[in-house]
Amino acid sequence: MSVRYAAPGSRTRESVTARRERNGAPREDHVIVLFGATGDLAKRELLPGLFSLAKAGLLPARYRIVGSARSTLTDDEFRQHARDAVAEFGLAEPTGEAWHEFAESLSFGSAVPTDPQPLLDAVTAAEKAIGGHPRRLFHLAVPPRGFTPTIGMLGDTGLASNARVIVEKPFGTDLASARALNETIHAIFDESQVFRIDHFLGKESVDNILALRFANGLFEPIWNRDHISHVQIDVPETIGIEGRAGFFEETGTFRDMIVTHLLQVLGFVAMEPPTSLAAKQLRDETTKVFEAMSPLDVTSVVRGQYLGYRDEPGVDPASQTETFIAARVEVDNWRWSGVPFYLRSGKSLGQKRQVVTLGLKQPVMRMFALDPETTNVTPSNELVIEFDDPGWIAARFLAKMPGAAMRLGEATMTFRYADSFCTQYALAGYERLILDAMLGDQSLFTRADGIERLWEVSAPLLDDPPPVEPYAPGSWGPDSIHRLISPHRWYLPDGR
Ligand code: BG6
């Protein structure tokens, strides 16, 4: 991992080639193959993200992008599809020379594992257009059941040679399926070629957790059980399932969000200082956190379902799939023993936020009388990291209010990217991670042993899930979440 980015939206007249050289774009020529190219993820994130990388000069000097799906599209139809996706979801308009160059790089080759020929033809044509032996990068943006046949096809056709593969989430649905998937992958690819993606880890502010902790003398000394009473990782969303009943009924919030995203963030929050920021050292440390996690205790988990979920098209009217999870997790090691980590995520909640809160212990002696008018019963002394782009970090503490009397009020010191740097965030999560995959940097991708361990600690909940509790859309989940976190309280919605 290294610092090397400029803002894609940069208004300078510098040429794409010059930017490419300056920013450290991948040196190897690439053929990028997007499986699931007509799907939702490609439309919302991957196609706009690839164009954004191209515009920022962060794609290699010679590249081609081959879309693939079960459907059959001509190259021009795929270009139009990509243009619509960028226009609707991208930050940069699909116009001008940059778009023209990008659109020229696009082609389409349909693939079903039983008939890979159109894809083979498209990849061969793309490689010929580039010349030499470009690196292949396969992005598996397909439903989980599509991973195994697609990987088998890459092996059978020889496409897997000189290749790397980005595997979308969720990676398996339990320990047995994750192990089986890892075995399938490892029969074709070496672990060094495998990039299990969690786009949260590509967010600027998640990286910044490492900087906050390990580049400063201020925070790391208190980052432990002596000073921190509890940690919250809270990812409420306002959206419902957005027509994804098929995916969601099979997956649910625990697999979709907790294993895939929140526990990965927990790895960054809880890790020991790595000996370097290289991929092996970083992933060794997050995996050690997962190893230290106790198996989930089902009595410390609240599963919720928003009222109206069962009426969504495609949802079983008696569905027990959870759209909400709150859970208490223990990391039983020297740093964190006795410090509960509370995780919460759900659909149709009161706000869209992505927040880590570290609650600090009260001072041993209380010299100041608490004034009920100006402070809460438990005064807030917290470090708050909002990690959704553009993100901010705030320290909330008590300060003396101006005046003759010694009265305390809640105060906040806030860091915002735009106040300190000339840009808010350079790359969206997916952009950053696709770039890292082209560079062969696995730092921000989950390793096989790490994901297997997460499924292992999840087993008690997956084997014996408590019934779902209903909650009102727009609320913060079922009422029992307050018992779960007691004697602490959820930072949201009252914290800002
Ligand atoms: C995806 C989940 O991985 O992350 C979605 O499948 C969720 O259910 C999304 O809404 C949230 O990510 P972000 O960063 O787009 O808010």
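Our structure is the block above this text.
Residues numbered from 1 in each chain as written. Predicted model: local features only at pLDDT ≥ 70, side-chain atom pairs only at ≥ 80, totals over all residues. Heavy atoms only, no water.

**Describing the sheet that holds strand S4 (residues 135–140)**
Pairing between the strands of a sheet is mediated by backbone hydrogen bonds and can be parallel or antiparallel. The following threshold applies: Pairing between two strands is assigned when DSSP locates at least 2 bridges connecting them. The way it works is that DSSP assigns letters per residue, a run of H or I at least four long becomes a helix, a run of E at least two long becomes a strand, and they are numbered from the N terminus. To get an axis, a line is fitted to the C-alpha atoms, and for a helix only the part in contact is used. The angle between two axes follows their N-to-C directions and goes from 0 to 180 degrees. Here a residue-residue contact requires only that any non-hydrogen atoms of the pair lie within 4.5 Å.
Taken in spatial order, the six strands make up an open sheet running S3-S2-S1-S4-S5-S6, and their pairing is parallel. Lying at the two open borders of the sheet, with one neighbouring strand each, are strand S3 (106–108) and strand S6 (194–196). Here the average twist between neighbouring strands, direction ignored, is 20°. One ladder, built from five bridges, connects S4 with strand S5 (residues 163–167); its direction is parallel. Across the sheet, Leu140 pairs through a bridge with Val167, a residue of S5. Helix-sheet contacts for helix H2 (residues 40–55) involve strand S1 (30–35), strand S2 (63–68) and S4, and the interaxial angle to S1 is about 165°. Along the sheet, helix H3 (residues 75–89) makes contact with S2 and S3, crossing S3 at roughly 125°.

**Quick notes on the nonpolar core**
A general trend in soluble globular proteins is that nonpolar side chains are found buried together. Inclusion rule: As used here, the term nonpolar core means buried Ala, Val, Leu, Ile, Met, Phe, Trp, Tyr and Cys residues forming a set that is joined through side-chain atoms within 4.5 Å. We call a residue buried when its accessible area falls under 20% of the maximum for its residue type, exposed when it is over 50%, and partly exposed in between, using a 1.4 Å probe and counting protein chains only.
Within the largest apolar cluster, 124 residues are counted, with the highest numbers of intra-cluster contacts made by Phe35, Val231 and Leu266. By residue number, the principal contributor to this core is helix H9 (residues 245–270), which donates eleven residues. Excluding its chain neighbours within four sequence positions, the residues that come into contact with Leu266 are Ile233, Val289, Val329, Val331, Phe341 and Leu343. If you look at the next biggest cluster of nonpolar residues, it comprises 16 residues, including Ala245, Tyr306, Val315 and Leu484.

**Some points on the environment of Ser205**
The topology assignment puts Ser205 in helix H8 (residues 204–214). Relative accessible area serves as the criterion here: at 3%, Ser205 is assigned to the buried category. Along the backbone, Ser205 and Val167 are 38 residues apart, and their C-alpha atoms lie at a distance of 23 Å. The residues touching Ser205, leaving out its near neighbours within four places in the chain, are Glu386, Phe387, Pro390, Gly391 and Tyr417.

**Some words on the site of the ligand**
Going by this rule: Any residue with a heavy atom positioned within 4 Å of a molecule or strand is treated as near that molecule or strand. Any N or O atom pair separated by 3.5 Å or less is treated as a polar contact, with the protein-specific requirement of one donor-capable and one acceptor-capable atom, and with residues adjacent in sequence counted only for side-chain atom pairs. The protein chains shown are the only cover counted for residues, whose accessible areas, like all others here, come from Shrake-Rupley with a 1.4 Å probe. In this count, Pro and Cys sit with the nonpolar residues alongside Ala, Val, Leu, Ile, Met, Phe, Trp and Tyr, while Asp, Glu, Lys and Arg are called charged and the others, Gly among them, polar.
Close contacts around the ligand come from 13 residues, with Lys169, Glu237, Arg244, Asp256 and Lys352 the closest. One of the side-chain nitrogen or oxygen atoms of Asp256 is found 2.6 Å away from an oxygen atom of the ligand. A distance of 2.6 Å separates an oxygen atom of the ligand from a polar side-chain atom of Lys347. For the ligand, whose unbound accessible area comes to 390 Å², protein coverage reaches 84%. Partitioned by chemical class, the residues of the shell around the ligand number three nonpolar, three polar and seven charged.

**Topic: the pairing of strand S8 (residues 301–306)**
Counting buried positions over the six residues of S8 gives six, a clear majority of the element. With four bridges joining them, S8 and strand S9 (residues 324–330) adopt antiparallel strand pairing. Among the inter-strand pairings, Val302 is bridged to a residue of S9, identified as Ala326. Where S8 and strand S15 (residues 469–471) come together, three bridges link them in parallel fashion. Its bridge partner being in S15, Gly304 is matched across the sheet by Glu469.

**Here we look at the pattern of salt bridges**
The criterion, for reference: By definition here, a salt bridge exists when the distance from a side-chain nitrogen of Lys or Arg to a carboxyl oxygen of Asp or Glu is within 4 Å.
Applying the stated criterion across every chain, the model contains 31 salt bridges. For Glu28, the salt bridge identified is with Arg164, shortest N-O distance 3.8 Å. Here Arg164 lies in strand S5 and Glu28 lies in the loop between helix H1 (16–23) and S1, a separation of 136 residues in the sequence. Close ionic contact of Asp436 with Arg432 constitutes a salt bridge, the shortest N to O distance being 3.1 Å. Here the residue Asp436 and the residue Arg432 both occupy positions in helix H12 (residues 429–439), the gap between them amounting to four residues, near one helical turn. Asp436 sits in the buried class, given a relative accessible area of 0%. The class of Arg432 is buried, set by a relative accessible area of 4%. Through salt bridges with shared partners, a single network forms among Lys169, Glu237, Arg244, Asp256 and Lys347.

Any functional reading would require information beyond the geometric quantities listed.
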